[in-house]
Amino acid sequence: MTSKTRPKRLITIHFSFGFQVHELLGIKQIMCLSLKDQFRRRNLWPCDADIADFSSSMWLTGRAFIVYRVVLALYATAMTVLAVIERQYQGLKWLIFLTNWSYTFINLHFVTQAFLVYYYQTVQPNSNGSDSNGSDSNGSNSKGSNSKGMNIKGSNKEYEEESESDDNSDDEQFIFSVEPQLPLACKVSWIICDIASNIAFPVTVMFWSLVYKPGDFDFVTLNSHALNSVLIVIDIMVSSIPIKLLHVIYPIIFITVYMIFSIIYWACGGTNPYGEPYIYPALDYSGHPKRAAIIICLFLFVGNAMSQLLLFGLYELRLKLNRSWNRLI
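Residues numbered from 1 in each chain as written. Predicted model: local features only at pLDDT ≥ 70, side-chain atom pairs only at ≥ 80, totals over all residues. Heavy atoms only, no water.

1. Looking at the overall build of the protein
Part 1: Within the protein, the regular secondary structure consists of 8 helices and 2 strands.
Part 2: Its helices and strands in sequence order give the protein the pattern β-α-α-α-α-β-α-α-α-α, from N to C terminus.
Part 3: Within the protein, counting contacts between residues at least 6 apart in sequence, those at least 24 apart form 83% of the total.
Part 4: Counting every atom, the protein has about 16900 Å² of accessible surface; 66% of that belongs to carbon and sulfur. (Helix = DSSP H or I, 4+ residues; strand = E, 2+ residues; numbered from the N terminus. Contact = heavy atoms within 4.5 Å. Areas by Shrake-Rupley, 256 points an atom, 1.4 Å probe, with all protein chains shown as cover.)

2. Observations concerning the environment of Met 237
Part 1: Its place among the elements puts Met 237 in helix α6 (residues 219-238).
Part 2: For Met 237, the contacting residues outside a window of four places in its chain are Trp 59, Leu 314, Leu 317, Arg 318 and Leu 321.

3. Some thoughts on the pattern of salt bridges
Part 1: Here the structure, examined in full by the defined rule, presents 4 salt bridges.
Part 2: Between Arg 40 and Asp 37 there is a salt bridge, with its nearest N and O atoms 2.5 Å apart.
Part 3: Residue classification places Arg 40 among the partly exposed residues on the basis of a relative accessible area of 34%.
Part 4: On the basis of relative accessibility, which here comes to 3%, the residue Asp 37 falls in the buried class.
Part 5: Put simply, Arg 69 and Asp 235 hold a salt bridge, and the shortest N to O gap is 2.5 Å. (Salt bridge = Lys/Arg side-chain N within 4 Å of Asp/Glu carboxyl O. Buried < 20%, exposed > 50% of the residue type's maximum accessible area, 1.4 Å probe, protein only.)

4. Focus on the UniProt feature "transmembrane region" (unreviewed entry) in the protein
Part 1: The UniProt entry lists residues 66-85, 101-120, 248-267 and 292-315 under the feature "transmembrane region" (unreviewed entry), expressed in the numbering used here.
Part 2: Structurally, residues 248-267 comprises 95% helix and 0% strand, and the distance from its first C-alpha atom to its last is 29 Å.
Part 3: The distance separating the terminal C-alpha atoms of residues 292-315 is 33 Å; by composition the span is 100% helix and 0% strand. (UniProt positions renumbered as here; feature names shortened; annotations may be inferred.)

5. Remarks on the packing of α6 against helix α8 (residues 289-328)
Part 1: At a minimum axis distance of 9 Å, the contact between α6 and α8 shows a crossing angle of 40 degrees. The angle between the axes of α6 and α8 places the two elements in the oblique class. Both α6 and α8 take part in a crossing whose hand is right-handed. Residues Ile 232, Val 233, Ile 236 and Met 237 of α6 lie in contact with α8, whose contacting residues are Leu 311, Leu 314, Tyr 315, Leu 317, Arg 318 and Leu 321. (Axes fitted to C-alpha atoms, helices over the stretch in contact; angles between N-to-C directions. Parallel < 35°, antiparallel > 145°, perpendicular 65-115°, else oblique. Left-handed = near helix turned anticlockwise from the far one by under 90°.)

6. Let's talk about the environment of Val 211
Part 1: For Val 211, the position within the fold is in helix α5 (residues 184-211).
Part 2: Residue classification places Val 211 among the partly exposed residues on the basis of a relative accessible area of 25%.
Part 3: Between the alpha carbons of Val 211 and Ala 282 there is a distance of 7.6 Å; along the sequence they are 71 residues apart.
Part 4: When near neighbours in sequence (up to four residues on either side) are disregarded, Val 211 contacts Met 206 and Tyr 280.

7. Here's the deal with unusual backbone geometry
Part 1: With a phi close to 55 degrees, Asp 48 is a non-glycine residue in the positive phi region.
Part 2: Assignment of secondary structure puts Asp 48 in the loop between α1 (27-38) and α2 (52-55).
Part 3: On the basis of relative accessible area, Asp 48 is assigned to the buried category, the value being 8%.

8. As for the packing of aromatic side chains
Part 1: Within this structure, the stated rule accounts for 16 aromatic pairs.
Part 2: The interplanar angle of 50 degrees and the centroid separation of 6.0 Å between the aromatic rings of Tyr 258 and Phe 261 together place this pair among those described as tilted. Here Phe 261 and Tyr 258 lie together in helix α7 (residues 249-267), a separation of 3 residues that amounts to about one turn.
Part 3: The exposure class of Tyr 258 is buried, given its relative accessible area of 0%.
Part 4: Seen in terms of ring centroids, Phe 312 and Tyr 315 are 6.0 Å apart; in terms of plane orientation they differ by 45 degrees. Their pairing is tilted. In this pair, Phe 312 and Tyr 315 are both assigned in helix α8, 3 residues apart and thus about one turn of the helix distant.
Part 5: By relative accessible area, which is 5% here, Phe 312 ends up buried.
Part 6: A relative accessible area of 2% means that Tyr 315 is categorised as buried. (Phe/Tyr/Trp six-rings, centres within 6.5 Å; stacked < 30°, edge-to-face > 60°.)

9. A few points about the nonpolar core
Part 1: Counting 28 residues, the largest nonpolar core has Tyr 103, Ile 106, Phe 110, Ile 232, Ile 236, Ile 243 and Leu 311 as the members making the most contacts within it.
Part 2: Among the secondary structure elements, those contributing two or more residues to this core are α3 (62-86), α4 (98-123), α5, α6 and α8.
Part 3: No other element matches α3, which puts 7 residues into this core.
Part 4: Contact partners of Ile 232, with chain neighbours within four places excluded, come to Ile 106, Ala 196, Ser 197, Ala 200, Phe 201 and Leu 311.
Part 5: One finds Tyr 265, Tyr 280, Tyr 285 and Leu 300 within the second-largest nonpolar core, a separate group that totals 20 residues. (Core = buried A, V, L, I, M, F, W, Y, C linked by side-chain atoms within 4.5 Å.)

Here's what the structure looks like:
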């Protein structure tokens, strides 16, 4: 009995914004492809996402997610107002602190997300292919699965597989291409999210390690320098917003703008609310210029990078938990 050699065909699966096909790939292969794909040039820009990423949750129904977003927006807004009232002795100098810049972006992030979720869940529910209960038009759950139960959340991937065919057909090429047109509002919201999420962790670490003085503590301080990071972690795990490593460029630009502002403010003779010639002791350009330069470099090239890696790790954990949950149900 002679064995028949079956011809091989090349199957190329191209996803324009990357579906994680765990039926075809192992978890380690998916992670490898995901990390490689993160460094594509197109990932510098706020694209390759879907409206559903900004208007739905992997875990909550549509109505529950609206409530979640509104509560966060109201809380952040209330805390911003409270901070201004509690620090009214600072006057306009309230605006010189990085903490307040950071929390303002967190507040802006939660408010814009609340508007987007409400708009796409109630005003235009068909725009993201889901109804207010978090299901698509076919009645299937939209939390990261298609109608066949295949997880489709992830980053750009190109996957090539050689498989055996039972017939003598020539090489076949299967191309799946999805080119979503992300609205400008979602793109702007994504950049705000990148900045707010990334800056929160370095602000927390640097405050407690360089700025905090025992006894100088109240709830506004706790909220701005500890709960800020807690809220970001919760939001990353609850929402569906993608995290891209190259989006670290946006918080780097943000911090660069702040550092330039702090230098100009110091050069013009600006002082903090206590009359000292610096905003933070760590940024004392007159007394300790070398230390200030080192801290700026650490913030820009270490703090932002480590923070983005942490966010990406949380994002991958969210996807893995969602895949595990989908298998259970």
